[in-house]
Structure formats: structure tokens, C-alpha cells
Amino acid sequence: MFLVALKSIFDIDNVGKRWGVRVLYLFTVILNAGIHFNPWADTDFTPLQNWVMTVYGMTEYDPDRYNALLTEIPLSTGNVIYLISAVIGIIILLASAYIYAAMFVREFRKEKIAAIKDEDPDVVNYAVSHIPDKPIKISKLIGRLVILILFSVVAALPVATVTMYFMFLALIGLPFIFTVPVAYLSGDKGLFSSIPYAVRLSRKYYFINMRSIGIVLFAAIIVDFLVPFLANVSLTAFYVVDAALTTWLWLSFARLAALAYCTMKDFPIKDGKRPFAI
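Residues numbered from 1 in each chain as written. Predicted model: local features only at pLDDT ≥ 70, side-chain atom pairs only at ≥ 80, totals over all residues. Heavy atoms only, no water.

Colleague: Report on the overall build of the protein chain, specifying residues and quantitative values.
Modeller: Along its length, the protein chain carries twelve helices and zero strands. Of the regular secondary structure in the protein chain, the N- to C-terminal order runs α-α-α-α-α-α-α-α-α-α-α-α. In the protein chain, which comprises 278 residues, the share counted as buried stands at 37%. When contacts within the protein chain are restricted to residue pairs at least 6 apart in sequence, those whose partners lie at least 24 apart make up 79%. Roughly 16700 Å² of accessible area belongs to the protein chain as shown, and the carbon and sulfur atoms make up 69% of that amount. (Helix = DSSP H or I, 4+ residues; strand = E, 2+ residues; numbered from the N terminus. Buried < 20%, exposed > 50% of the residue type's maximum accessible area, 1.4 Å probe, protein only. Contact = heavy atoms within 4.5 Å. Areas by Shrake-Rupley, 256 points an atom, 1.4 Å probe, with all protein chains shown as cover.)

Colleague: Tell me about the pattern of salt bridges, residues and numbers included.
Modeller: Here the structure, examined in full by the defined rule, presents five salt bridges. Put simply, Asp-13 and Arg-18 hold a salt bridge, and the shortest N to O gap is 3.0 Å. According to the relative accessible area criterion, Asp-13 is buried, its value standing at 19%. A relative accessible area of 29% places Arg-18 in the partly exposed class. (Salt bridge = Lys/Arg side-chain N within 4 Å of Asp/Glu carboxyl O.)

Colleague: Residues and numbers for the nonpolar core, please.
Modeller: Formed by 39 residues in total, the largest nonpolar core has its most connected members in Phe-10, Tyr-100, Phe-104 and Val-182. Elements with a contribution of two residues or more to this core: α1 (2–10), α2 (19–36), α5 (77–117), α9 (180–185), α10 (194–202), α11 (206–226) and α12 (235–266). Top element by residues in this core is α12. It accounts for 13 residues. Apart from residues lying up to four places away in sequence, Phe-104 is in contact with Val-15, Arg-255, Ala-258, Leu-259 and Cys-262. Residues Leu-94, Ala-102, Ile-136 and Leu-191 belong to the second largest nonpolar core, which totals ten residues. (Core = buried A, V, L, I, M, F, W, Y, C linked by side-chain atoms within 4.5 Å.)

Colleague: Lay out helix α7 (residues 138–165) with the relevant residues and their values.
Modeller: In a regular helix each residue adds 1.5 Å, so 28 residues correspond to 40 Å; α7 covers 39 Å between its end C-alpha atoms and thus fits that length. Along α7, the sharpest change in direction is near 45° and occurs at Ala-156; proline Pro-158 comes one to four residues later. (Expected span 1.5 Å × (residues − 1). Bend = angle between axes of the 7 residues up to and from the residue.)

Colleague: Please set out the packing of aromatic side chains residue by residue, giving values where relevant.
Modeller: Tallied over the entire structure, the rule returns ten aromatic pairs. Residues Phe-225 and Phe-229 carry aromatic rings whose centres are separated by 5.6 Å and whose planes lie at 80° to one another, so their mutual orientation is edge-to-face. Feature note: the residues Phe-37, Phe-238 and Tyr-239 constitute an aromatic cluster, connected by ring pairs. Looking at Arg-22, its charged tip hangs above the ring of Trp-19, at a distance of 4.8 Å from the centre. (Phe/Tyr/Trp six-rings, centres within 6.5 Å; stacked < 30°, edge-to-face > 60°. Lys NZ or Arg CZ within 6 Å of the ring centre and 35° of its normal.)

Colleague: Before we move on, could you go through the environment of Ile-73 and cite the residues and values that matter?
Modeller: Positionally, Ile-73 belongs in the loop between α4 (63–71) and α5. By relative accessible area, Ile-73 is classed as partly exposed at 43%. Ile-73 sits 25 residues away from Leu-48 along the chain, and the two C-alpha atoms are 7.1 Å apart.

Colleague: Outline the side chain of Thr-28, supporting the account with residue identities and numerical values.
Modeller: Residue position: Thr-28 is located in helix α2. With relative accessibility at 0%, the residue Thr-28 sits in the buried group. At 2.7 Å, the side chain of Thr-28 and the backbone oxygen of Leu-24 are in polar contact. Apart from residues lying up to four places away in sequence, Thr-28 is in contact with Ile-92, Leu-93, Ser-96 and Thr-247. (Polar contact = N/O pair within 3.5 Å; in protein donor to acceptor, adjacent residues only side chain to side chain.)

Colleague: Run through α12, naming residues and quoting values.
Modeller: For α12, built from 32 residues, the straight-helix expectation of 46 Å at 1.5 Å per residue is met to within 8% by its first-to-last C-alpha distance of 46 Å. Two to three positions downstream of the cap, the backbone nitrogen of Thr-236 sits 3.4 Å from a side-chain oxygen, assigning the N-cap of α12 to Ser-234.

Colleague: Describe in detail the packing of helix α8 (residues 167–177) against α11, supporting the description with residues and values.
Modeller: How two helices pack is summed up by the angle between their axes together with the distance between the axes. At a minimum axis distance of 9 Å, the contact between α8 and α11 shows a crossing angle of 115°. What the angle tells us is that α8 and α11 run roughly perpendicular. The crossing of α8 and α11 is right-handed. Counting all contacts with α8, which are made through Leu-171, Ile-172, Leu-174, Pro-175 and Phe-176, the residues of α11 involved are Tyr-206, Asn-209, Met-210, Ile-213 and Leu-217. Of the residues contributing to the contact of α8 with α11, the split by class is nine nonpolar, one polar and no charged. (Axes fitted to C-alpha atoms, helices over the stretch in contact; angles between N-to-C directions. Parallel < 35°, antiparallel > 145°, perpendicular 65-115°, else oblique. Left-handed = near helix turned anticlockwise from the far one by under 90°. Nonpolar A, V, L, I, M, F, W, Y, C, P; charged D, E, K, R; others polar.)

That is the geometry; function is a separate question.
This is the structure we're talking about:
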């Protein structure tokens, strides 16, 4: 059962004819690796670190010195370019994750409709009684992707600030809300109505979702611990491998969210039993 869950989560190219996901993955890796090779970006923040230590090391309040330090923050143009590039990299990863989740739901629904038409006994046994949901139209999906990405960028700072102070509560609530973007991208609900809808679907699947999220987070911890050792051997190898594994983890989480949403919506738990493992 555990190995089945691992394969379901991390087998990211198992969507449709696979080539769409492979192109998405390769494109994302190249863009994120390219950020590190930007010749105008400067990753040396040693002067800024020393400045922070000087500010925090002031034992007595000296207005003149304090104001001078605040007006002379040692942040070079290269540092600013790198920070902007890093933010762009996160937006690229987020957009790729959203695109992947949307692709997964579309293919899931297309395959389900095709299987019912072919009278696949497995699908007939588990399919809900109503007509299967139709895949969202591409034109409508593109509009929703743009809106969701813009909303995520605007909401990122306040959400990140709150999460820092309430990390434990955020982790507890994550299994309820991590499928919210999928509910919106599937075309089932609006941007804000997706939140209560996803929470309602997740009630019986809470601990299943928590376990699956834990698997992805554990994999991320291992990657964050081991990959930096490559920097001692080759910075180029570190940048490429880090971009490849980071993209893989983001798409794995997107796959988990899409898989969980499709399972919770179309195959609800009955009598304490679920038809598929996620």
C-alpha cells in the first residue's frame, strides 16, 4: 500500500500521453537552473550579513549611527537582480504546478468518460451515478490559470507572514485546503467558493491527505539536506540537480493535490472504505 502511494505521488509524467508533462518539466528545470547562471546576478550577501550583525550588535542606541546604517544598506545591484530572479523562479514553479494539476484533472476526466463509454467494469463499479464531469475548456482554463497565479502572487506575502507565526496551525490545516487551487482550475467552483468546497470534500480524507503530504515533505527535507553537498564538488552540478529535484517535488505535490481532489470528488469514502489509495 505504501509503495502504491509513493508511485501514485511521484510518477509525475504519468499523465495522458506523457509528452506534455515532460515538456513542462524540462522547460521549468531550464528556467530555474538558468537563474543561477545569470551573469548579472550576485549571490554574495556577505556585506549584508555583516551589516545585519552590526545592527543587532549595537548595545547602545546611537541615533546618528543607527540612521546612517539604515541609509547605507549594503545591497548591490547584483544582489537585487538575484533576489528578483529568485522570486521569478518561485512564480515559474507555482505556475508549472498549477498547469500540471489542471492537466491531470483534464486527463482524469477524459479517461473516465472514455472508460464509461467502453463499459470498463472497474469504472462502472466505482463511478458516481451522475454524468461524469466534463474536462474544462482550454480557453476557460487559461483565464483561470492567469487569475490564480496573479491572486497567488498578491496573497503570497501576507500568507507567508502568517504562516511563519502559525506554522503548526498551517500544517494542520493544509490537508483541508491544498486542493483549493485544483477545485478552481477544474472549473467546478469559483475562486472563493473553492475554499469551503475543498474543505467539505476533505473531511473524511483528512488523515489520508496528511499522510500523503507528509511523504512529499519528507522527500523535500531529504533533498534539502543532501543536494547542497554537491556544491562542494561542482556548483554547476548543484544548480542543475537542485533545479531538477525542486521541480520534481513541486510537480509531485501538484499531482498529489489533483489526485486527492479527483479521488475525493468522484470516489468518496463509504462505510469507512475508499476505492483507491492516495
